[in-house]
Amino acid sequence: MSQSVVMFNSRQNENLDWDTIDRLAENPDFDQFIGDIKDDADIRKIKSQYDLVYNNDDKVAEYARNKHII
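Starting afresh in each chain, residues are numbered from 1 along the sequence in its written order. Thresholds applied to this predicted model are a pLDDT of at least 70 for local features of residues and 80 or more for the giving and counting of side-chain atom pairs; totals over whole chains, interfaces and linings are not thresholded and use all residues. Processing note: side-chain calculations cover all non-hydrogen atoms of the structure and skip hydrogens and water entirely.

Enquirer: How should the overall build of the chain be read in this particular structure?
Expert: Labels follow the DSSP assignment, with helices taken as runs of H or I lasting at least four residues and strands as runs of E lasting at least two, numbered in each case from the N terminus. Scanning the chain for helices and strands turns up 3 helices and 0 strands. Reading the secondary structure of the chain in the N-to-C direction produces α-α-α. Here the globule rule is a power law, 2.2 Å times the number of residues to the power 0.38, and the radius of gyration is based on C-alpha atoms. For a compact globule of 70 residues, the expected C-alpha radius of gyration is about 11 Å, and the chain comes in at 16 Å, more than 25% above that figure. Counting only C-alpha atoms, the chain reaches 35 × 30 × 25 Å along its principal axes. A burial count over the chain gives 7% of its 70 residues as buried. The protein chains shown are the only cover counted for residues, whose accessible areas, like all others here, come from Shrake-Rupley with a 1.4 Å probe. Accessible surface computed for the chain: about 7,100 Å², of which carbon and sulfur atoms make up 51%. The averaged location of the 15 negative side-chain charges in the chain is 6 Å from the averaged location of its 9 positive side-chain charges. Exposure categories follow from relative accessible area, calculated using a 1.4 Å probe and restricted to protein chains: below 20% of the type maximum is buried, above 50% is exposed, and the middle band is partly exposed. By the counting scheme adopted, Arg and Lys are positive, Glu and Asp are negative, and His together with the chain ends is not counted. To locate a charge, take NZ of a lysine, CZ of an arginine, CG of an aspartate or CD of a glutamate.

So this is what it looks like as structure tokens:
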């Protein structure tokens, strides 16, 4: 993972992709995720459970395999 390369730089888009937003809003997991972020932002403290952040490539690869990402 440490050998990854940015192929396309991100850019800010002033227009929202409402089709994607609507599809995401139908997902109960995403709805919970957004609610958790809002709650944490309101109290300015992380109280919710999020995915772990790995700083080791082997751990990232293991996580990706376990989640069937790769």
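Back to the text.
Enquirer: How should helix α2 (residues 28-43) be read in this particular structure?
Expert: Structural remark: α-helix, 3.6 residues per turn; residues separated by three or four positions point the same way. For α2, with 16 residues, the first-to-last C-alpha span of 23 Å sits near the 22 Å given by 1.5 Å per residue. Pairing of N or O atoms within 3.5 Å defines a polar contact, subject to two protein rules: one partner must be a possible hydrogen donor and the other a possible acceptor, and residues neighboring in sequence count only if both atoms are side-chain atoms. Where α2 begins, the side chain of Asn 27 points an oxygen toward the backbone nitrogen of Asp 29, at a separation of 2.8 Å. Arg 44 sits one or two positions beyond α2 and adopts a positive phi of about 55°. Expected span of a helix: the number of residues minus one, times 1.5 Å.

Enquirer: For this particular structure, what's the right way to read the pattern of salt bridges?
Expert: Oppositely charged side chains may form a pair once their charged atoms are brought near each other. Salt bridges, as used here, are contacts in which a Lys or Arg side-chain nitrogen is within 4 Å of a carboxyl oxygen on Asp or Glu. Across all of its chains, the model carries 1 salt bridge by this definition. Here Lys 38 and Asp 42 are joined by a salt bridge, their closest N and O atoms 2.8 Å apart. Of the two residues, Lys 38 and Asp 42 both sit in helix α2, 4 residues apart, roughly one turn of that helix.

Enquirer: How should unusual backbone geometry be read in this particular structure?
Expert: Note: most residues except glycine have negative phi, and most peptide bonds are trans. For Arg 44, which is not glycine, the phi torsion reads 55° and is therefore positive. Within the fold, Arg 44 resides in the loop between α2 and α3 (57-66). Judged by relative accessible area, which is 78%, Arg 44 ranks as exposed.

Enquirer: So what exactly am I meant to see when it comes to a negative patch on the surface here?
Expert: Where like charges cluster on the molecular surface, the negative patch consists of Asp 17, Asp 19, Asp 22 and Glu 26. Along the polypeptide, Glu 26 turns up in the loop between α1 (18-25) and α2. Patch membership requires more than 30% relative accessible area and the absence of a salt bridge. Residues of like charge join within 9 Å; the nonpolar side chains Val, Leu, Ile, Met, Phe, Trp and Tyr join within 5 Å.

Enquirer: What is the right way to read the packing of aromatic side chains from this model?
Expert: Ring pairs (aromatic) are described by centroid distance and by the angle formed between their planes. Under the pairing criterion, centres of Phe, Tyr and Trp rings, with the six-membered ring standing for Trp, must be within 6.5 Å; the plane angle then separates stacked pairs below 30 degrees from edge-to-face pairs above 60, leaving the rest tilted. All told, the structure shown has 3 aromatic pairs when counted by the stated rule. Judged by centre distance (6.1 Å) and plane angle (40°), the ring pair of Phe 30 and Phe 33 falls under tilted. Of this pair, Phe 30 and Phe 33 both sit in helix α2, 3 residues apart, which is roughly one turn of that helix. The partly exposed category is assigned to Phe 33, whose relative accessible area is 37%. Centroid distance Tyr 54 to Tyr 63: 5.8 Å. Interplanar angle 45°. Geometry classified as tilted. Among the aromatic side chains, those forming a connected cluster through ring pairs are Phe 30, Phe 33 and Tyr 50.

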